[in-house]
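Remarks on the overall topology
Residues per chain, in single letters:
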Amino acid sequence: MSMRIKEDLGCWPKLQQSKESSRDHSPTVFSPLDSPKTPSPKVSSSKQNLQMKREPASILRLLSRHIMTDSSISASLPASPPLPNDTSSWSTDLDSEVIVEARRSCMKKVNRRQNMNFANGNSQLFENSYVNEMDEGSQSNMSFPLSEKSTQRTRPPKDFVCPITSQIFSDPVTLETGQTYERKAIQEWIKRGNTTCPITRQPLSAVALPKTNYVLKRLITSWKEQHPDIAQEFSYSETPRNSSSISPSYGIPEISPPSKSYDEYVNNLNSRRFNRATVSTSPTSVISQATLETVINDLKPHIECLCNSEDLKECETAVLTIAKTWKDSNAESAIHCCLSTPTIVNGFVEILSASLNREVIRTSIYILSELISAEGSVGETLTSVDSDFDCLASLLKNGLSEAAVLIYQLRPSFAQLLAHEFISSLVQIISNKHENKSDLQLIMEPKEAAIALLEEILMGGDENCKYINAMGVISANGIPALIKCMDRVEGRHSIVSVLLCCIKADRSCRNVIATRIDLPLVLELFHGGNDGLRGICVEFLSEIVQLNRRTICNKVLQRIKEEGAFSTMHAFLVYLQMAPMEQQLLIATLLLQLDLLVEPRKMSIYREEAIEALIEGLRRKDFLNFQIMASDALISLSGRLTSSGKSYNEELLLKIAGFDQPYNTVMKEEKLILHETESKETMEEDEKAAKSWEKRVAFVLCNHEKGSIFKVLEECLKSDSLEMAKSCLVLSTWLVHMLSRLPETGVRNAARKSLLDQFINVLLSSRNLEEKILATLALKSFIKDQGALEELGVYAKGIYKVLRKLKRNSVVVTDILKALMNLPSVNAMELWSCSEVVELGSCTNGEVLCLLHLNGRVLSSHADGTIKVWDAGKRVLRFIQEVREHTKAVTCLYVSSSGDKLYSGSLDKTIRVWTVKQEEIYCVQVHDVKEPVYHLIADPNVACFSSQGSGIKVYNWSGVPKHINFNKYVKCLAMSDNTLYCGCSGYSIQEVDLCKHTSSSFYSGAKKLLGKQTIYSLHIQGGLLFAGGSSVDGTAGKVFSISTKGVTGSLSTGFDIQCIAVSNDFLFTGTKCGTIEVWLKERVTRIAAIKMGGGGHTRITSLVLDANGDMLFAGSSDGKIQAWALE
């Protein structure tokens, strides 16, 4: 090893001789960064070549960093700070040929880097521009362009400037690719035979150019009025003022990638470091040649010790001495060059693996970092052996934050980063509040390197790998640490990318990010970034406003709107005009939400452009995924979001329609996530804000261009994609449902003409229950419109049976059926039908006196004192139980409102209380009331029954029943709240106040009929009292309003009505002759009749419906029970 060291060091004296020779040509003392153009004649030819390769290298590196700050290079290259004007102290002493050669050589390096990322034409354009600049410059001085920060105030916004002409738009046109150009410039581009977009290279399908982008043009006009001087300077003219701004073939402007590459990042940092060295260098401060020789001679034994000594202490001392000497020499390039040899580099690596002294390890990392930043071969030396990288990985995991810088500079592959599981260690570095202070300043801070490495880890691999790595950051509590580092300019874009990955992996973390992050910093990144970085910022902002709390979401939107140094809505609008297709939906959704923070009373260009972009997305039939994204974006605007950011609008619509299961499932998951500290008042306030927001969004979407969205949705519902059709069905249902809650503005007709047929088609053809229910909710919203109802009546016969089947799943179906049945144009007799499903004979038990339906079971009481329990769950009566506790006929059955208690009255003068179990009933109480019980109504507090005498008896379950007499014989009972209604002889109805135990007349028959006719049956439903009895002058029953006591309808029939059953749509009346008549409940019109078996002498004694009104059960005087399925 010592021989190799001596060979490496052997060039040092010759290097010094070269410098001595150069001083003979000029008395000026050279900067350490300068090199003479000719070597000393004492050096052999082979050594001359070596020296000429090494010495101009520093000049090339320095010049390349300055040249790459030129504004003609891609915006992704970092800008350098302004340099002092006085550069003659070193440039004047260099031969012009050396400078030209150096610049040309540097130009080749720049072009090679450009060719890795961009087309060859761009590099040629840059080189031509650079040559023009060189020809115009002074031979004795080199001028460096100012950084972007020093010129941004004197330039127009880049969105106002044509990328072809580099001048302010005069007649901007936005192509289908989303890019905007000056009309004359793009016309010339197309005229030359080009068929693609100059920037995106996407093919142009349209032959003619689109109309002028008036939105952008108005914004430019407004800006020109505020900045007339700048506008005049950059105004468009037929002949460009700067030949370098546009190539003869309209060269494609360079597009920067979304994030900086390693080379760009390090070049930016190196440029700043070398600039500082240049500023501090002067003829009086440069190390003299003699001093340099002394330094080099002093370093020789330390370097030999580093590489050869087996004493660790000596090697550690050597490292510290080398670093101090190098630092004191102001990073002398000659020393730098000789330290870059593989042998010496390996010596530093051995110290990293062997030393336990943190100062020595940090110093070694500092030296290696500086060497890598200036000479790429050093990095290749370190990465050529896996153990070297493993050593750095071990140091990083053991808490040495500086190791992150060196690892980042080595540019490891994603597989290497993943294999060493760096995430927790990187998060720890980012979380450190106090960084280690040292005299040796690394090329970048460890936190910046850790953030950059973290981004590389999270952006690599497949989706599953990204998810696992992002969850690793979250579990390591990395999100708060990353948010605190947002104030760092370098790496800010990486932080946003990492946070975005975390949100995609675990949507619930967006609440923490949204409430803690400094939004002006994200907006600053958007305003100053390239198109790729803007896209990341837009996606990030779109994610953090998808919160499940409307009040918090509005606060975040308000911060986005008001904070920041620029007009956010203005910037978003401009970006919307030229954003790529995949970004348009996000920026449009974000812009619309910002606009809707205030009531949408006046026209807003932001709102109109955003809605138009979203609707245009629905029109893109050729891009199915884009269509689905547009529909989902519109749905999410409703603001009904879970904690994961997913819309539950569909589940909420199903709940409104009466199908609760999907909504309950979502809410059950949400309640497990919600904080227990959320008060009821807070949740009520949030729900109020959510409803207000929902109305705003629906109002502006429905009223945009007189309901144009409905026509677009009509076409989308015809899509061959099931996913697209389902998404648009949810969106259409929501908009139509919201229309019924919004003030009439004339767009309901547009909705009906476009969507009514589509909803009917879904109802008839879809096999998905949830889709059918959504269609019924939409149809329910239309029935309030008479025109829509008449149109719906045309389909009545086709949809009636489907709607009947949906009754048990959707409560809104009842309203639709009722509306159809009551349409004058609809023949109700054609719609209604039934089919007999069962007939049971119980002749041995005598007459069926009462039927009761309870939780899928039918209970029947008989004349012999038995009570039977039947299972009616599958449309067939299956016998379950028979009990005979009463000794005589069981005349009446009644069930409590809670459904757990059954009451029975009998001629044996008792009232029994039963407990209702799963399939059986058990008698738990027997009350002797001393009189036969004919009719009974009871609850846990009181029992009311009629007996042989007039009036009624009120029994408080103890003592003697109290008699309330009104001189009428009671034939039937019905109760509502604390009021009892009694159907009596004389065709009258008495009203009894159970609290005061007083009675009054509710209805009285004609005087000439007193004592001859009777009310046999009463039924209460929906505030109406239905009464049936003896037929008088062709009328056997009446319908009363309980509140007004007025008659609202009459049952015109010649048959006496013995019993009544009422559903939501129909009335069923049982007669003495065995016929059941069917009536429309709303219109009280007879539409059908059902004949019970047994002949004309069979009397119907009892009628009962199941809970959904789909099954009708009837008991007869001959002991039979029959059931019909109603369709």
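Residues numbered from 1 in each chain as written. Predicted model: local features only at pLDDT ≥ 70, side-chain atom pairs only at ≥ 80, totals over all residues. Heavy atoms only, no water.

1. Quick notes on the overall build of the protein chain
Looking only at helices and strands, the protein chain has 44 helices and 30 strands in total. Looking at the protein chain as a whole, 55% of its 1127 residues are labelled buried. Intrachain contacts of the protein chain at a sequence separation of at least 6 include 60% that bridge at least 24 residues. Summed over its atoms, the accessible surface of the protein chain is roughly 50,500 Å², and 49% of this surface lies on carbon and sulfur atoms. (Helix = DSSP H or I, 4+ residues; strand = E, 2+ residues; numbered from the N terminus. Buried < 20%, exposed > 50% of the residue type's maximum accessible area, 1.4 Å probe, protein only. Contact = heavy atoms within 4.5 Å. Areas by Shrake-Rupley, 256 points an atom, 1.4 Å probe, with all protein chains shown as cover.)

2. Observations regarding the side chain of S604
Tracing the chain through its elements places S604 in the loop between α31 (581–595) and α32 (605–619). S604 gets classed as buried once you look at its relative accessible area, which sits at 11%. At a separation of 3.3 Å, a polar atom in the side chain of S604 contacts the main-chain amide nitrogen of Y606. (Polar contact = N/O pair within 3.5 Å; in protein donor to acceptor, adjacent residues only side chain to side chain.)

3. Quick look at the pattern of salt bridges
Overall, the coordinates contain 38 salt bridges when judged by the stated rule. Taking the shortest distance from any N to any O, the salt bridge between E714 and K711 comes out at 3.3 Å. Linking E714 with K711, this pair stays in helix α37 (residues 708–716), spanning three residues, or about one helical turn. The class of E714 is buried, set by a relative accessible area of 12%. Here D1065 and K807 are joined by a salt bridge, their closest N and O atoms 3.7 Å apart. Taken together, the positions of D1065 in the loop between β24 (1057–1062) and β25 (1066–1071) and K807 in the loop between α42 (796–805) and α43 (812–821) put the pair 258 residues apart, joining distant regions of the chain. The burial state of D1065 is the same as that of K807; both residues are buried. Via salt bridges that share partners, K621, K711, E714, E715 and K718 belong to a single interconnected network. (Salt bridge = Lys/Arg side-chain N within 4 Å of Asp/Glu carboxyl O.)

4. Quick word on the nonpolar core
With 239 residues, the main nonpolar core has F540, W832 and F1068 as its most contacted residues. Ranked by residue count, the leading element in this core is helix α38 (residues 722–739), at 10 residues. Setting aside its immediate chain neighbours within four residues, W832 contacts Y800, M821, F1066, F1068, V1078, I1087, A1088, I1090, L1126 and E1127. With 15 residues, the next largest nonpolar core counts C850, L859, I880 and V883 among its residues. (Core = buried A, V, L, I, M, F, W, Y, C linked by side-chain atoms within 4.5 Å.)

5. Considering the sheet that holds strand β14 (residues 952–955)
Strand order in this open sheet of four strands is β12-β13-β14-β15, and the pairing throughout is antiparallel. The strands lining the two open edges of the sheet, one partner per strand, are β12 (935–938) and β15 (962–964). Taken pair by pair, the neighbouring strands of this sheet meet at an average axis angle of 20°, ignoring direction. In terms of strand pairing, β12 meets strand β13 (residues 943–946) through four bridges, oriented antiparallel. Bridge pairing in β13 links L936 to F945. (Pairing = 2+ DSSP bridges. Axes fitted to C-alpha atoms, helices over the stretch in contact; angles between N-to-C directions.)

6. Brief notes about the side chain of H927
Tracing the backbone through its elements, the reader meets H927 in strand β11 (residues 921–928). H927 sits in the buried class, given a relative accessible area of 11%. Within polar-contact distance, the side chain of H927 engages the side chain of Q925 at 2.8 Å. Not counting the four nearest positions on each side in its chain, H927 is found in contact with K909, T910, I911, V913, Y955 and W957.

7. Digging into the packing of aromatic side chains
The geometry of an aromatic ring pair comes down to the distance between the two centres and the angle between the two planes. According to the stated counting rule, one finds 14 aromatic pairs in the structure shown. Taking 6.5 Å as the distance between ring centres and 65° as the angle between the ring planes, the aromatic pair formed by F389 and F422 counts as edge-to-face. Note that F389 is positioned in helix α18 (residues 386–397) and F422 in the loop between α20 (414–419) and α21 (423–431), a separation of 33 residues in sequence. For the pair shown, F389 and F422 are each scored as buried. The residue whose ring lies beneath R534 is F526, and the NZ or CZ to ring-centre distance is 5.0 Å. One Lys or Arg, K655, reaches over the ring of Y663 and ends 5.4 Å from the middle of that ring. (Phe/Tyr/Trp six-rings, centres within 6.5 Å; stacked < 30°, edge-to-face > 60°. Lys NZ or Arg CZ within 6 Å of the ring centre and 35° of its normal.)

8. Here we look at the pairing of strand β19 (residues 998–1003)
Relative to β19, strand β18 (residues 988–993) runs antiparallel, the two being bridged by five bridges. Paired with I989 across the two strands is Y1003, which belongs to β19. Taking the residues between adjacent antiparallel strands as the criterion, β18 and β19 are bridged by four residues, where H997 takes a positive phi near 60°.

9. Side note on the pairing of strand β10 (residues 910–916)
Extensive coverage of β10 is indicated by the burial of seven of its seven residues. Because side chains alternate across β10, one face comprises the buried residues T910, R912, W914 and V916, and the other comprises I911, V913 and T915, equally buried. Counted between consecutive antiparallel strands, the loop separating strand β9 (residues 901–906) from β10 contains three residues, among which K909 sits at a positive phi close to 70°.

10. Observations regarding the sheet that holds strand β5 (residues 857–862)
What the four strands build is an open sheet, ordered β4-β5-β6-β7; its pairing is antiparallel. The open sheet has two edge strands, β4 (848–854) and β7 (878–883), and neither has a second partner. Between one strand axis and the next, the sheet turns through 20° on average, direction left out of account. Bridge count between β4 and β5: six bridges; the pairing is antiparallel. Residue pairing across strands places L854 opposite R857, the latter belonging to β5.

11. A few points about unusual backbone geometry
For E421, which is not glycine, the phi dihedral falls at a positive 50°. On the basis of relative accessible area, E421 is assigned to the exposed category, the value being 61%. Phi is positive for D1033, which is not a glycine, with a value near 55°. Checked against the element boundaries, D1033 lands in the loop between β21 (1024–1032) and β22 (1035–1041).

12. Focus on the confidence of the model for the protein chain
Residues at a pLDDT of 70 or more form 78% of the protein chain, whose mean pLDDT is 78. Note on residues 237–262: pLDDT under 50 across the span, and 63 contacts to partners over four residues away in sequence or across chains. (pLDDT = per-residue confidence, 0-100.)

13. Focus on helix α39 (residues 748–765)
Between its first and last C-alpha atoms α39 spans 25 Å; for 18 residues at 1.5 Å apiece the expected length is 26 Å, and the two agree. Along α39, the sharpest change in direction is near 45° and occurs at L755. For α39, the complete set of buried residues consists of A751, R752, S754, L755, L756, Q758, F759, I760, V762 and L763. Close packing links the buried residues of α39 with α37, α38, α40 (769–782), α41 (786–794) and α42. (Expected span 1.5 Å × (residues − 1). Bend = angle between axes of the 7 residues up to and from the residue.)

14. Concerning the packing of helix α27 (residues 519–528) against helix α30 (residues 568–578)
The packing of two helices is summarised by the inter-axis angle and the distance between the axes. Two numbers describe how α27 lies on α30: the axes approach to 11 Å, and their chain directions differ by 40°. It follows that α27 is oblique to α30 by the angle criterion. Crossing hand, α27 versus α30: left-handed. Where α27 approaches α30, its residues L523, F526 and H527 are matched on the opposing element by T568, A571, F572 and Y575. Looking at side-chain class alone, the contact of α27 with α30 contains five nonpolar, two polar and no charged residues. (Parallel < 35°, antiparallel > 145°, perpendicular 65-115°, else oblique. Left-handed = near helix turned anticlockwise from the far one by under 90°. Nonpolar A, V, L, I, M, F, W, Y, C, P; charged D, E, K, R; others polar.)

15. A closer look at helix α25 (residues 492–505)
Its 14 residues give α25 an end-to-end C-alpha distance of 20 Å, which sits within 8% of 20 Å, the value for a rise of 1.5 Å per residue. A large share of α25 lies buried, amounting to 13 of its 14 residues.

16. Remarks on the environment of S309
Inspection of the secondary structure assignment puts S309 in the loop between α12 (289–308) and α13 (312–328). Overall, S309 belongs to the partly exposed group, its relative accessible area being 22%. Setting aside anything within four residues of it in sequence, one finds S309 in contact with E304, E314 and C315. Of note is the side chain of S309, whose polar atom sits 2.9 Å from the side chain of E314.

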